[in-house]
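# A look at the structure
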Amino acid sequence: MHNVLVDESKAYVNEKDSVSFTQDKVPLLPPLEITLAEKRELEYGTLSNKKYLVQQKSRNLQPLKPIKFDPPGILISVITYLNYLIIITLGHLHDYIDYYLNRDKFRGILEQNGIAPWFTTFESFFVRRMKQRIDDCFSRPTTGVPGRFIRCIERISHNMNEYFTYPGTEQLCLNLSSYNYLGFAQSEGVCTEYVINNMEKWNVSNNGPRNLLGTTLLHRETEKLVAKFVGKEDCVITSMGYSTNANFFNSFLNKNCLVISDELNHASIRTGVRLSGASVKPFKHNDMKKLENLLREQISEGQPKTHRPWDKILICVEGLFSMEGTMCNLPELVKLKKKYKCYLFVDEAHSIGAMGPTGRGVCEYFGVDPKDVDVLMGTFTKSFGAAGGYVAADKNLVNRLRLDLTTQNYSEASPTPVLSQVYSSMKIIMGELNPGDGLERLSRITFNSRYLRLGLQRLGFIVYGIADSPVVPLLLYTPSKMPAFSRLMLERNIAVVIVAYPATPLTESRVRFCVSASLIKEDIDYVLRHVNEVGDMLFLKTSSGIGGGSLDGKPPRWNIEDVIAKTPEDCKDDKYFII
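Predicted model, so just to flag it, every value in this text is computed and none were measured. (Residues numbered from 1 in each chain as written. Predicted model: local features only at pLDDT ≥ 70, side-chain atom pairs only at ≥ 80, totals over all residues. Heavy atoms only, no water.)

## A look at the overall build of the protein chain
Counting its regular elements, the protein chain contains 17 helices and 19 strands. By sequence separation, contacts in the protein chain at least 24 residues apart represent 71% of the contacts at least 6 residues apart. (Helix = DSSP H or I, 4+ residues; strand = E, 2+ residues; numbered from the N terminus. Contact = heavy atoms within 4.5 Å.)

Here it is in structure tokens:
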């Protein structure tokens, strides 16, 4: 068997041909020729013990308890603001000097031959003097399947990240950077075999009559399956997830409508609302009292100037917020929606497939009837390992969207292989294809999410989100720690995502771990060991560790060996362990 991991130049593969990690074992690129079993192991790890399977339970209309996070402390806050002050001051000083000594750097912000500049100095300042300094941490190119491991294409930075060159080498990293939540993005496996075997069956040329939008029988069958899966009457599928949101509101709203939007909603929702021309009022994230007060105020005041009643009022939230790892308070939202007779829109891009006892998303997670949510939107790019999105609603609304949803009219229809991937992965989750596989994947991601999050909390890191969220944000705060953390993780062959302003507040930069069912417990042990080490180096442990509770009378912050010895399921009696 070909070697996948090495330890001080000695090959290591465990007895079950399952790639595993210990503290001093790091992954290297496998040989060009590897067996099919090894290839699958790199994409989806073999479960080492069935006790690492945990199934989510419905909350039966019980809302989530408010989550209190440890504040960073006055010292961390002062250092963070001071860092930005120094960077901004030095940046303006460099601009002043370069403006007179090296004007070629300012061609984009200076008038050229009577033509107005592309940008103002102020507009481009953040990119030139701040973001560019850490650009090597963003948009790292990758190749191959984003499974358990991911291949990062190595690059060399020049002139403070002004440009990169590529030596043609790759680095195999443990993947905590992809939205492949259930591990369906595989080059080998049930879904891939299903797509290949059914290409001829679903071939467009043999698929019967089509309408002007390119809709085929496979489109309709997939739409019916999605509608059944999420519990709605019908749905319409689009070929791009972002444009599903960006164009939906234009078809549903007009200038006489009001959108009440959670302040942390995704950019695609913000884009769509702006394009619709509707008025928009944000409310504080998950604050139901502020939301109700805003509803009462807007209903009583009506439209600006005329004070006529709004044509529609739409509450817009996400099921699982991708930057925070928190969930919407759906039971309370449904109560407010019914009380004030307005519409409710839930973006399930990150929750569908990954949340709920059988993966049916935020409604199943809270035990809410999907009929109580007017519009359920989701994407296939995360849990289903495909592309595109959908809008599920009542049949009348969906029929209207088929007529004037601009995503449908001005884009290509989803291709046959993509729809086959969606169809097969959804069938697996439902247990109708390869029975047992879907439930195992759901149980694996639940265990992995809980284990990584609670482990980081016990070690003393400030971590946002709920226990079952596959998105695990770890707060870094200080701008200088963003590139340091990213580069140190890459040295340890761990691929992570660094998130900074404007995707987050300026002073709340973070690393966002994306957990997948393709990972095994030993992989997360490896991550915890190295994050613990890097956290000590960068002084990131600013929490009391109370999120992990106490252990045998010891202080709340745990050591790494205790963290790895006890999983969340071993500590259900811990008063700090909240699901």
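## As for empty space enclosed by the protein
Here the structure, examined in full by the defined rule, presents two cavities of 30 Å³ or more. Its boundaries defined by the atoms lining it, the largest cavity holds a volume of some 40 Å³. Considering the residues around the largest cavity, the lining is formed by Phe 184, Gln 186, Glu 188, Gly 189, Val 190, Cys 191, Thr 192, Ile 428 and Arg 441. Per element, the largest residue contribution to the lining of the largest cavity is three residues, and it comes from helix H4 (residues 190-198). Its residues placed into classes, the lining of the largest cavity shows four nonpolar, three polar and two charged. One number sums up the size of the second largest cavity: a volume of about 30 Å³. Around the second largest cavity, the lining residues are Leu 47, Tyr 52, Arg 444, Phe 447, Asn 448, Leu 519, Ile 520 and Lys 521. (1 Å grid on protein atoms, 1.4 Å probe; cavity = no way out; pocket = protein on both sides within 12 Å on 5 of 7 lines; lining within 4 Å. Points joined across faces, edges and corners; volume = space filled by probe spheres on them. Nonpolar A, V, L, I, M, F, W, Y, C, P; charged D, E, K, R; others polar.)

## Let's talk about the sheet that holds strand S19 (residues 509-514)
One open sheet holds the three strands; their spatial order is S16-S19-S18, and the pairing between them is antiparallel. Sheet topology places strand S16 (471-477) and strand S18 (497-499) at the edges, where each strand pairs with a single neighbour. Mean inter-strand twist for the sheet, computed between neighbouring axes without regard to direction, equals 30°. Direction of pairing for S16 relative to S19: antiparallel, over a ladder of six bridges. (Pairing = 2+ DSSP bridges. Axes fitted to C-alpha atoms, helices over the stretch in contact; angles between N-to-C directions.)

## Re the sheet that holds strand S15 (residues 389-393)
The strand order S9-S15-S14-S13-S12-S10-S11 describes an open sheet built from seven strands, whose pairing is mixed. Two strands close off the open sheet at either side, each with one partner strand: strand S9 (234-238) and strand S11 (279-283). Pairs of neighbouring strands in the sheet enclose a mean axial angle of 20°, with direction left out of account. Sheet topology places strand S13 (residues 343-347) next to strand S14 (residues 375-379); three bridges connect them, and they run parallel. Of the residues in S14, the one forming a bridge with Asp 347 is Met 377. On top of the sheet, helix H5 (residues 217-230) reaches S9, S14 and S15; it is set at about 125° to S9, its chief contact.

## With respect to the environment of His 219
Here His 219 is to be found in helix H5. By relative accessible area, His 219 is classed as buried at 8%. In this structure, the C-alpha to C-alpha distance between His 219 and Ser 414, residues 195 residues apart in sequence, is 8.0 Å. Side-chain polar atoms of His 219 contact the backbone oxygen of Ser 414, separated by 3.1 Å. (Buried < 20%, exposed > 50% of the residue type's maximum accessible area, 1.4 Å probe, protein only. Polar contact = N/O pair within 3.5 Å; in protein donor to acceptor, adjacent residues only side chain to side chain.)

## Focus on the state of the cysteines
Considering all chains together, one arrives at zero disulfides under this definition. As a non-bridged cysteine, Cys 328 has Cys 363 as the owner of its nearest cysteine sulfur, 8.2 Å distant. (Disulfide = S-S within 2.5 Å.)

## Some remarks on helix H11 (residues 395-404)
Of all the positions in H11, only Leu 397, Val 398 and Leu 401 are classed as buried. The arc enclosing the buried residues of H11, seen along the axis, measures out at 95°, which places them on a common side. Exposed side chains of H11 directed beyond 90 degrees from the buried face belong to Asn 396 and Leu 403. (Arc of directions from axis to C-beta.)

## Describing helix H1 (residues 36-43)
Those residues of H1 that fall on the buried side of the exposure criterion are Glu 38, Glu 41, Leu 42 and Glu 43. Summarising the contacts, the buried residues of H1 are in contact with strand S5 (149-153) and strand S8 (170-175).

## Some points on the packing of aromatic side chains
Two descriptors summarise a pair of aromatic rings, namely the distance from one centre to the other and the angle between the planes of the rings. If you walk through the whole model with that rule in mind, you get 17 aromatic pairs. Seen in terms of ring centroids, Phe 248 and Phe 249 are 5.2 Å apart; in terms of plane orientation they differ by 75°. Their pairing is edge-to-face. Exposure remark for Phe 248: the relative accessible area of 0% places this residue in the buried category. For the pair Phe 447 and Tyr 451, a centre-to-centre distance of 5.6 Å together with 25° between the ring planes defines the contact as stacked. (Phe/Tyr/Trp six-rings, centres within 6.5 Å; stacked < 30°, edge-to-face > 60°.)

## Structural notes on the pattern of salt bridges
Across all of its chains, the model carries 30 salt bridges by this definition. Note that Asp 98 and Arg 129 form a salt bridge whose closest N and O atoms lie 3.0 Å from each other. Here Asp 98 is found in helix H2 (residues 74-101), whereas its partner Arg 129 is found in helix H3 (residues 121-129), with 31 residues between them in sequence. Neither Asp 98 nor Arg 129 differs from the other in exposure class; each is buried. A salt bridge links Asp 525 to Lys 521; the shortest N-O distance between them is 3.2 Å. Note that Asp 525 and Lys 521 are positioned in helix H16 (residues 521-538) at a spacing of four residues, about one turn of the helix. Of the two residues, Asp 525 and Lys 521, both sit in the buried class. Taken together, the shared-partner salt bridges connect Arg 220, Glu 223, Asp 234, Lys 395 and Arg 402 into one network. (Salt bridge = Lys/Arg side-chain N within 4 Å of Asp/Glu carboxyl O.)

## Section: the packing of H4 against helix H13 (residues 416-430)
At a closest axis distance of 9 Å, the pairing of H4 and H13 adopts a crossing angle of 135°. By the angle class used here, H4 and H13 are oblique. Remark: the crossing between H4 and H13 carries right-handed chirality. Across the interface between the two elements, Val 190, Cys 191, Tyr 194 and Val 195 of H4 pack against Pro 417, Ser 420, Gln 421, Tyr 423, Ser 424, Ser 425 and Ile 428 of H13. Across the contact of H4 with H13, the residue classes tally to seven nonpolar, four polar and no charged. (Parallel < 35°, antiparallel > 145°, perpendicular 65-115°, else oblique. Left-handed = near helix turned anticlockwise from the far one by under 90°.)

## A look at the nonpolar core
A general trend in soluble globular proteins is that nonpolar side chains are found buried together. Ranked by size, the top nonpolar core spans 65 residues in total, and within it Leu 291, Leu 295, Met 327, Leu 330, Phe 380, Tyr 390 and Met 426 carry the most contacts. Element by element, the count of residues in this core is highest for H13, at seven residues. Taken domain by domain, the makeup of this core includes at least three residues from each of domain 1 (36-69 + 141-175 + 443-576) and domain 3 (190-430). Ignoring any residue separated from it by four or fewer positions in sequence, one finds Leu 330 in contact with Leu 344, Val 346, Val 362, Cys 363, Phe 366, Val 368 and Val 373. (Core = buried A, V, L, I, M, F, W, Y, C linked by side-chain atoms within 4.5 Å. Domains from an automatic or database assignment.)

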